Structure formats: structure tokens, C-alpha cells
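# Breakdown of the fold
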Amino acid sequence: MALALLTRADESLAAEWAAGEWPAQGYEVLLVCDTSGDSPGNPWAVFCPSMDVCSAGRDPQDALDMIADAIYEALVDGVKPARGAAYDEVVSYYQELMAAGFPTAEAVVTPAPYSGQ
């Protein structure tokens, strides 16, 4: 498992988070690398099925940082984690990519407020 921290946060939201209004929890994410060369700048795609968000990065850690931001933004927008049809579709697609031999990884991302440093 990996831990990716948010790279930024609105000060008021960070204060709310620190006050315990939002529990710190992990979100399962799925990473896959595009080996076709079609995504030269950001070959690592990353999906968070329970939040129905995705992102990409130049390497696995960059992808984790980017998805942490996307999860945070979804939380700010009021998205609640769910395991509906979108979750099943993303997991099924990921399994197809694994079976096709694409480099894959799984991690747990825990969004956290930016410390200001």
C-alpha cells in the first residue's frame, strides 16, 4: 500500500478537517501504465472507483499525488464514496487491462490537508 498526501488545500477546509469534521480514511486506487507510447507525458493512469474519479501522472507517485487531489476535490464537492455501477465498471476495466499484460498497481490514498510548508 502507498500513502499519497494532498498537495494543496483551502485553509478553511484544512481547518475543518483538522477539527475532525472529515475522518481521515483511505481510498482504494488502481494504477495502470500505458505502454503503447500514446501517453508519453503521463503514462500512468489512476482510478478511484469508489469516488468515480480518475487522473494520470508521469510516474506512479505523481499519479498518486494527482488522484489524491482529485479525491479531495470530490470530497469538497460533496461526493460520497459508493460502490455502484461505476465502481463495478472501473474494476472490470482494470481487470481487463491486467489480463492484457499492462503494468498495474494498487494502492490506498489518504487525502490530508496541506500543511502550508
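Let us look at the structure shown here. (Residues numbered from 1 in each chain as written. Predicted model: local features only at pLDDT ≥ 70, side-chain atom pairs only at ≥ 80, totals over all residues. Heavy atoms only, no water.)

## Quick look at the sheet that holds strand S1 (residues 27-33)
Backbone hydrogen bonds are what pair the strands of a sheet, in a parallel or an antiparallel way. Selection rule: Pairing between strands requires that DSSP locate at least two bridges from one strand to the other. Under the DSSP-based scheme used, a helix requires at least four consecutive residues in state H or I and a strand at least two consecutive residues in state E, with every element numbered from the N terminus. All axes are obtained by fitting lines to C-alpha atoms, using only the stretch in contact for helices, and the reported angles, taken between N-to-C directions, cover 0 to 180 degrees. Residue contacts are defined here by distance: any two heavy atoms, one from each residue, within 4.5 Å place the two residues in contact.
The strand order across the open sheet formed by 4 strands is S3-S2-S1-S4, and the pairing between neighbours is antiparallel. A strand with exactly one partner marks an edge of an open sheet, and here the two such strands are strand S3 (53-57) and strand S4 (104-109). Mean inter-strand twist for the sheet, computed between neighbouring axes without regard to direction, equals 25°. Examined bridge by bridge, strand S2 (residues 44-48) and S3 share 5 bridges and lie antiparallel to one another. Directly across from Ala-45, in S3, lies its bridge partner Ala-56. Contacts from helix H2 (residues 60-76) reach S1, S2, S3 and S4 within the one sheet, and its direction differs from that of S3 by about 150°. Each of S1, S2 and S4 is contacted by helix H3 (residues 85-99), which is oriented at about 35° to S1, the strand it contacts most.

## Comments concerning the pattern of salt bridges
As a reminder, the rule being used: Any Lys or Arg side-chain nitrogen located within 4 Å of an Asp or Glu carboxyl oxygen qualifies as a salt bridge.
Evaluation of the coordinates by the stated rule reveals 1 salt bridge. With its nearest N and O atoms 3.2 Å apart, the salt bridge here joins Arg-58 to Asp-62.

## Observations regarding unusual backbone geometry
Here the phi dihedral of Asp-52 falls at roughly 55°; this positive angle occurs in a residue that is not glycine. By the secondary structure assignment, Asp-52 is in the loop between S2 and S3.

## Notes on the side chain of Asp-62
The test is simple: Relative accessibility under 20% of the residue-type maximum defines a buried residue, over 50% an exposed one, and the middle range a partly exposed one, all with a 1.4 Å probe and only protein chains included.
Secondary-structure assignment places Asp-62 in helix H2. Taking relative accessible area as the criterion, Asp-62 reaches 12% and is therefore assigned buried. In contact with Asp-62, not counting residues within four places along its chain, are Asn-42 and Gly-57.

## Here we look at the nonpolar core
Note the threshold: Here, nonpolar core refers to any group of buried Ala, Val, Leu, Ile, Met, Phe, Trp, Tyr and Cys residues whose side-chain atoms link them within 4.5 Å.
Grouped together as the largest cluster of nonpolar side chains are 19 residues, with contacts concentrated most on Val-29, Leu-31, Cys-48, Met-51, Val-53, Ile-67 and Ile-71. Taken together, the elements giving at least two residues each to this core come down to S1, S2, H2 and S4. Counting residues per element, this core draws most heavily on H2, at 8 residues. Apart from the residues within four sequence positions on either side, Ile-71 is in contact with Tyr-27, Val-29, Cys-48, Met-51, Val-53, Val-109 and Pro-111. Of all hydrophobic cores here, the second largest spans 6 residues; its members include Leu-30, Phe-47, Tyr-94 and Leu-97.

## Focus on the environment of Leu-75
Within the secondary structure layout, Leu-75 lies in helix H2. Sequence separation between Leu-75 and Met-51 is 24 residues, and the spatial gap between their C-alpha atoms is 8.5 Å.

## Considerations on the packing of aromatic side chains
Each aromatic ring pair is described using two quantities: the centre-to-centre distance and the angle formed by the ring planes. So the rule is basically this: When two rings of Phe, Tyr or Trp (its six-membered ring) have centres within 6.5 Å they constitute a pair, described as stacked for plane angles under 30 degrees, edge-to-face for angles over 60, and tilted for the intermediate range.
Inspection of every chain in the model, using the stated rule, returns 1 aromatic pair. Their ring planes at 85° and their centres at 6.3 Å tell us that Phe-47 and Tyr-93 sit as a pair that is edge-to-face. Highlighted residues: Phe-47 in strand S2 and Tyr-93 in helix H3, separated in sequence by 46 residues. When its relative accessible area of 15% is taken as the criterion, Phe-47 is described as buried.

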